[in-house]
Structure formats: C-alpha cells, structure tokens
Amino acid sequence: MSIFICVLAVLISCADTEIELEDSIIFSDTELMDSIDETEEEYEIKIISRPQAVEKIHKKLLANKKEFLHNRNVNLSAAERYKKGDLRVINTLIAQLSEPFSDIKEMMYRNLMPAYDGYPYTIKEKNLRSAIVNNLWSENEDEEKLVIELLGKLEIQEGFDAMYKHLISDQSMFNGDLIFYLANAPNTIDPLLFFKHEIHDGIYSNSYVGRVIESFPTYIANGNKEIENEVFEICELIYTENVIPANDYETMDMDYEYGNPPKDLLTFIFNYGDERFKDIANVFYDDYTVGDLAEEYLLKFGMLLSRKEILLGFKEPSTFYAAMLQAPTLYSVEFDTRLIRTMLENFELLYFGDAYCFSCEDILSELPIILKEMDSLNAEKYINDFVNDGWLQEYLLNGVNGWQDQYAEHINLLKSIDFFTEAEGDRAMTYFEDGYIYSSQNLFNISNRYFNSSDYAFDDYNDLIEKFKAISDGALDGIDIHATTTFNAEDTDPIILVQAFLNDTIYQLEFVDYYYEEYWNLSNLHIFMNQLHDAANGNEEMSIVVLDEVYTEFIYVSKDQMKQIGTIYQ
C-alpha cells in the first residue's frame, strides 16, 4: 500500500500578473513507504490574488455552486439536503419536527439517519438536536421508535441522556430499543441495572428481552470489566429464572417476530462467556442448532476428547478444528512432539488435497496461535521440520513470529499518539480479539479522522471535497470551494476545475480525469486540499494523508503522527 503526503516542491512569489494565469505553486507526490508508482506527475495549483480577478472568479464560483446545489437538491428533501451540507434547511427541519407525525415526517427521520459505513456525520446544531429530542415523548408509538433509532445512531450525548431519562420514566413502549441503543454510550452500566430490576419485577416480553440480548456484544465492546460481568450475570439470570421459557430452547430453529431470543442468548454466551456457563454448554452440546458453538466454548475451558480421538480427528476436515483446539491441553500433559507432527502433516495433506476442505481457512488462521500455545520456543523448528510446502511454511512462520501480536501493538501505538481516543482504542482492541481486524489498514476504520469511499460513485468531486472537510476537525469549514466537470467533445476524459476562495485569494486546480467514474484522481485533490488547509489555519503540522488511492482511503493526522503511523507499514 502506498502512503502519500503532499510536499512543497516549488514556491513562486505571488506577484500580480495576468488574470488568467497568475502565481503558481507546484506540488508533487513523494514516496514515504514502499510500492509507489514509477511514473511521477506534477500538478499546478494557481494562486490568484489581484482583487479584480478574485472578485470576478469568486462571484462565478458562488453562482456555479448555487446552480449545482439547486440542480442536485431539486428532488431532495430538506433532510437529504441537510446531510449534504445545506444548512439553510435547518429552520425547515425544526418546523417539520414540531408538526404531528405523518408519512412526510417519518421519511424525514429516516433520511436523517447516519448511513451504514458512510462518512462521519452527526447533527451539530443544538436547536435541531433539541427539536429531535423533544419528540422522544411523542404520543405516536411509530414516531417514538424512529426517534430512539435516530438518537441511538447519531451517538450524541444529549441523545443518550434523554434516552436514559425516558427509559427510567416508565413511559416508553420500547424499553428494549432504548437499552439497545444506550449500549453505544461509553462505559454505561445503568441501563443494564434497570433491565435486571425489570426482570426481578417480571416486567418483560419476548421482544423486550430479545432486543436487550442483541445489545450485549456492544455493551462489552464499549464497556469495562464491571459491565462485562453485569452482562454475564444478566445472562445467567435470564436462563436460570426462565425469563425465556424452557420449551423455547427446544424450538430454536423457529422464526420469531423479533429475533430469536433463546438462540441469540446461547450464541452470545458461547461466543463471549467465561467459565461460569459450562453447565449450560453441556446441556446444549448435542443440540443441532447451537451444538457446534457449545463445543467450541467447552474446548476453551477443558478437555473433551481423548488422545486417540484427537489423533483421529486430525485425519478429517470435519473433525480437525475441534482436535486442534484441544491439542494444547493434551500436549501440556504429555509433551509428545508426535502430536505436533501429526497435526502439521495432516493439515498440509488436507489443505492441498484433492477433496475440498471447507474448514481449512479457519484452521489456517488459528494454527499459528495453537503452535505458539503448545511450544512457542520450538514452533519455528517444528514448521521447518514437518511442513514441506514453501508457501504454507512461510505463512505459519510469519504467524508464530508475531503477526498476531503486531495488531495489538499497532492499536496501542495509535492510542499513544492520540490518533485513537481511549474509547476508539478499546473498541479496536475488542474488534481485534474477536477476529474482525485482518490488516493494519482496517484499524483506521475505527476513527472519525479516517475515510474510505470505495462504495461511492466516482463522478462528483464536490462529494469528495465534502469527505475531506468531514474528517478535518473543522479546519476546512468556511472555505468557498466548488468543482466543475467539463467534457470535451473530442475526448471522453473530462476536465476537472476546482476553485476555492480563501483570505481574498483564489486557489485553482485543473486536471484531466483519465479514470472518470472508475476512481477519483486523489493525487491532485488531496494536495490542493492540504494547501487550503495550511492557508486557512497557518498550521502545517496537520495534514490529510492518502493511504490508498484506488480505494480512496485517507486520514487526518499531524506530521509527527504520520511518522509513527508509518512504522505500521514498514
């Protein structure tokens, strides 16, 4: 992966010359890490400072932007326009929020929802936030449910405070939803304590309990050990007090109106639980719905198979994984290297055999961890001695030599340089422990100073400009900037003209987009945006840095942070 950062190459003094081609600053991309393209291009950023020219261009810029927004917004609702940055609709939204619930109001709530995997978005205006919060006490149940969802997804403190107040008021029909979305509040145990009280009082329904169970992984991810223990205690309470009727566990393959509470509870217990749930796992060990999960859970905390069964288990894809998980326990008793040899040689046969091995990829990801657990000092020797295939040998060697540990180190590094907040770092660590992070690059998805736009259409540079502004902590707010796309009749590649007005100066970038609608020409625009950033703030410490051009990944960091983040990619 290439990492790019803009570097000032040539600076020409800003003397007044021709209006059309005034003072120029030339920038070029510079390699910080490895694998940069061999060809090196340079792009001009023109700076125009003559008052008459600035006034003329700025006026045209504003007119083009107004026309563009009008054309884009003509079929958009006020909520959709607001999400695209049109603040003129705030009063319209507040007025709509004060009206009785209707289909139009329902659509407004849905349009205000943050998009899944979208760029960082929240509602900053206090008056608009308050107007939304006020509807939490709506007499219309459909509206109340939508407001709970909106506030929960926005993850703003006023929303969390209002939802908890609503929860303990006993006025809501949707306590399950309230507890579900309050899980996004950092280190909050109070909703769980409220739910436990409800259980003791017998105030619950299947849908209520099911919704709360769905929130348990989030409470653990965003919480601490105290919250984790509280979640586990509630799980025990739900099971032992028959909050979910006992016969419901016999019909877990059935569809429920709201989720599947018995199956969801057991799935959570066996994936996240500690040793206290052993007895429950033994009950469901042979269940065809959750039996595999119960078996894996039991494997984490004790022996289930004999030595003979483990060795036989290494011969079949369907039994290899279970045998592998129990091998460290047996090895700790016998210290017999034949166990390791049998495991490695049989896996190589299964992995490269003629028959399809449906579980081999899962086994491969776990095998280095198992080897280190069995004999970390000699794991490398066993791989060299017992594995013949070069690729497999290299993969396992990389594994036992510490690539698993590197991710945890990367997370701690990003926390130490304040790229991650404490909460973001804890969430990243949880994702890593649960197996959701497979590359260093994915760590950046945790931060609101990171953006990936690979799912977007690549035909509107104004959209990309908004993404740059969204991650830059307000440093680019207040700059009049607009991009126009012009097609030459003789050429299918459009010309992109980006103009910005800042400090009585026009900044202008023009380039041909050879990859129109395939991916954005990020090399040009990110240099331009960084130049605007420095001019607006007089601060060259912070910078927008491109991690990957094709997938349009970029972050907002200081130069010192960039140097330290660079160590992740070395």
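Residues numbered from 1 in each chain as written. Predicted model: local features only at pLDDT ≥ 70, side-chain atom pairs only at ≥ 80, totals over all residues. Heavy atoms only, no water.

**Structural notes on the packing of helix α10 (residues 206-222) against helix α11 (residues 225-240)**
Put simply, α10 and α11 touch, their axes get as near as 10 Å, and they point 155 degrees apart. One way to sum up the angle between α10 and α11 is to call them roughly antiparallel. You can see that α10 and α11 cross each other, and the crossing is left-handed. Of the residues in α11, those touching α10 at V209, I213, F216, Y219 and I220 are I227, E228, V231, F232, I234, C235 and I238. (Axes fitted to C-alpha atoms, helices over the stretch in contact; angles between N-to-C directions. Helix = DSSP H or I, 4+ residues; strand = E, 2+ residues; numbered from the N terminus. Parallel < 35°, antiparallel > 145°, perpendicular 65-115°, else oblique. Left-handed = near helix turned anticlockwise from the far one by under 90°. Contact = heavy atoms within 4.5 Å.)

**A word on a negative patch on the surface**
On the surface, D292, E296, E361 and D362 cluster together to form a negatively charged patch. For the negative patch, the elements supplying multiple residues, two or more each, are α14 (291-301) and α18 (360-375). Tracing the sequence through the fold places E296 in helix α14. The class of E296 is partly exposed, set by a relative accessible area of 35%. (Patch = residues over 30% accessible without salt bridge, like charges linked within 9 Å, V, L, I, M, F, W, Y side chains within 5 Å. Areas by Shrake-Rupley, 256 points an atom, 1.4 Å probe, with all protein chains shown as cover. Salt bridge = Lys/Arg side-chain N within 4 Å of Asp/Glu carboxyl O. Lys, Arg positive; Asp, Glu negative; His and termini not counted. Charge placed at Lys NZ, Arg CZ, Asp CG, Glu CD. Buried < 20%, exposed > 50% of the residue type's maximum accessible area, 1.4 Å probe, protein only.)

**Notes on the pattern of salt bridges**
For the structure shown, the criterion picks out 18 salt bridges. When the shortest N-O distance is used, the salt bridge between E149 and K153 registers 2.8 Å. With E149 and K153 both in helix α6 (residues 141-154) and four residues apart, this pair spans about one turn of that helix. A salt bridge links E233 to K196, with the nearest nitrogen and oxygen atoms 3.0 Å apart. Taken together, the residues span a long stretch of sequence, with E233 in helix α11 and K196 in helix α9 (residues 190-200) at a distance of 37 residues. Of the residues examined, E233 reaches a relative accessible area of 32% and is grouped as partly exposed.

**So, the side chain of S472**
With respect to the helices and strands, the residue S472 is situated in the loop between α22 (461-471) and β5 (480-486). Taking the relative accessible area as the measure of exposure, S472 reaches 0% and is therefore buried.

**Quick notes on the packing of α6 against helix α7 (residues 157-168)**
α7 packs onto α6 with a crossing angle of 140 degrees between their chain directions and a minimal axis gap of 9 Å. Classified by the interaxial angle, the pair formed by α6 and α7 is oblique. When the axes of α6 and α7 are compared, the crossing they make is left-handed. Between α6, through E144, I148, L151 and G152, and α7, the contact on the second element is made entirely by G159, M163 and H166. Per-class residue counts for the contact of α6 with α7 are three nonpolar, three polar and one charged. (Nonpolar A, V, L, I, M, F, W, Y, C, P; charged D, E, K, R; others polar.)

**Quick look at helix α12 (residues 261-272)**
In a regular helix each residue adds 1.5 Å, so twelve residues correspond to 16 Å; α12 covers 16 Å between its end C-alpha atoms and thus fits that length. Turning to α12, its buried residues number three or more, namely P261, P262, L265, L266, F268, I269 and F270. Looking at the packing, one finds that the buried side of α12 touches α10, α11, α13 (278-283) and α14. (Expected span 1.5 Å × (residues − 1).)

**Some points on the confidence of the model for the protein chain**
Taken residue by residue, the protein chain gives an average pLDDT of 79. The fraction at 70 or more is 79%. Low confidence marks residues 1-42, where pLDDT is under 50. Its contacts with residues over four positions away, or in another chain, come to 105 contacts. (pLDDT = per-residue confidence, 0-100.)

**Quick look at the nonpolar core**
One finds F216, V231, I238 and F270 to be the most contacted residues of the largest nonpolar core, which totals 73 residues. Look past the residues within four positions of V231 in its chain and what remains in contact with it is L192, F216, Y219, I220 and F268. One finds L330, C357, L371 and F386 within the second-largest nonpolar core, a separate group that totals 34 residues. (Core = buried A, V, L, I, M, F, W, Y, C linked by side-chain atoms within 4.5 Å.)

**Some points on the pairing of strand β7 (residues 505-512)**
Taking burial as the measure, the eight residues of β7 include six buried ones, the bulk of the element. As paired elements, strand β6 (residues 495-502) and β7 share eight bridges and run antiparallel to each other. Considered in β7, the bridge of V498 is made with L509. Hairpin remark: β6 followed by β7, antiparallel, with two residues in the connecting loop; positive phi at N503, about 50 degrees. (Pairing = 2+ DSSP bridges.)

**Quick look at the packing of aromatic side chains**
Evaluated as defined, the whole model comprises 19 aromatic pairs. With 5.0 Å between their ring centres and 90 degrees between their planes, F180 and Y181 make a pair best called edge-to-face. For the pair shown, F180 and Y181 are each scored as buried. Here F270 and Y297 contribute two aromatic rings whose centre-to-centre distance is 5.8 Å and whose plane-to-plane angle is 45 degrees, an arrangement assigned as tilted. Here F270 is found in helix α12, whereas its partner Y297 is found in helix α14, with 27 residues between them in sequence. Judged on exposure class, the residue F270 and its partner Y297 are both buried. Joined through ring pairs, the aromatic side chains of F314, F320, F347, Y351, F352, W391 and Y395 make up one cluster. Lying over the aromatic face of F180, R211 brings its terminal NZ or CZ to 3.8 Å of the ring centre. (Phe/Tyr/Trp six-rings, centres within 6.5 Å; stacked < 30°, edge-to-face > 60°. Lys NZ or Arg CZ within 6 Å of the ring centre and 35° of its normal.)

**A look at unusual backbone geometry**
The backbone of E155 shows a phi angle near 55 degrees, a positive value even though the residue is not glycine. Among the structural elements, E155 can be located in the loop between α6 and α7. A positive phi is found at D170, a non-glycine position, where the angle reads about 60 degrees. Mapped onto the elements, D170 comes out in the loop between α7 and α8 (175-182). Look at D170 and you get exposed, because its relative accessible area is 59%.

**Describing the side chain of E125**
Its place among the elements puts E125 in the loop between α4 (103-112) and α5 (126-134). Here E125 occupies a buried position and makes no salt bridge, while the nearest side chain of opposite charge, R129, is found at 6.9 Å. Apart from residues lying up to four places away in sequence, E125 is in contact with Y82, L87 and I90.

**Quick notes on the state of the cysteines**
Joining two cysteines, a disulfide is a covalent bond between their sulfur atoms. Under the definition given, this model contains one disulfide. Shown here is the disulfide that connects C357 with C360, its sulfur atoms set 2.0 Å apart. Negative torsions about the S-S bond denote left-handed disulfides, and the value of about 90 degrees found for C357 with C360 makes this one right-handed. Summarising the burial analysis for this pair, C357 and C360 share the class buried. (Disulfide = S-S within 2.5 Å.)

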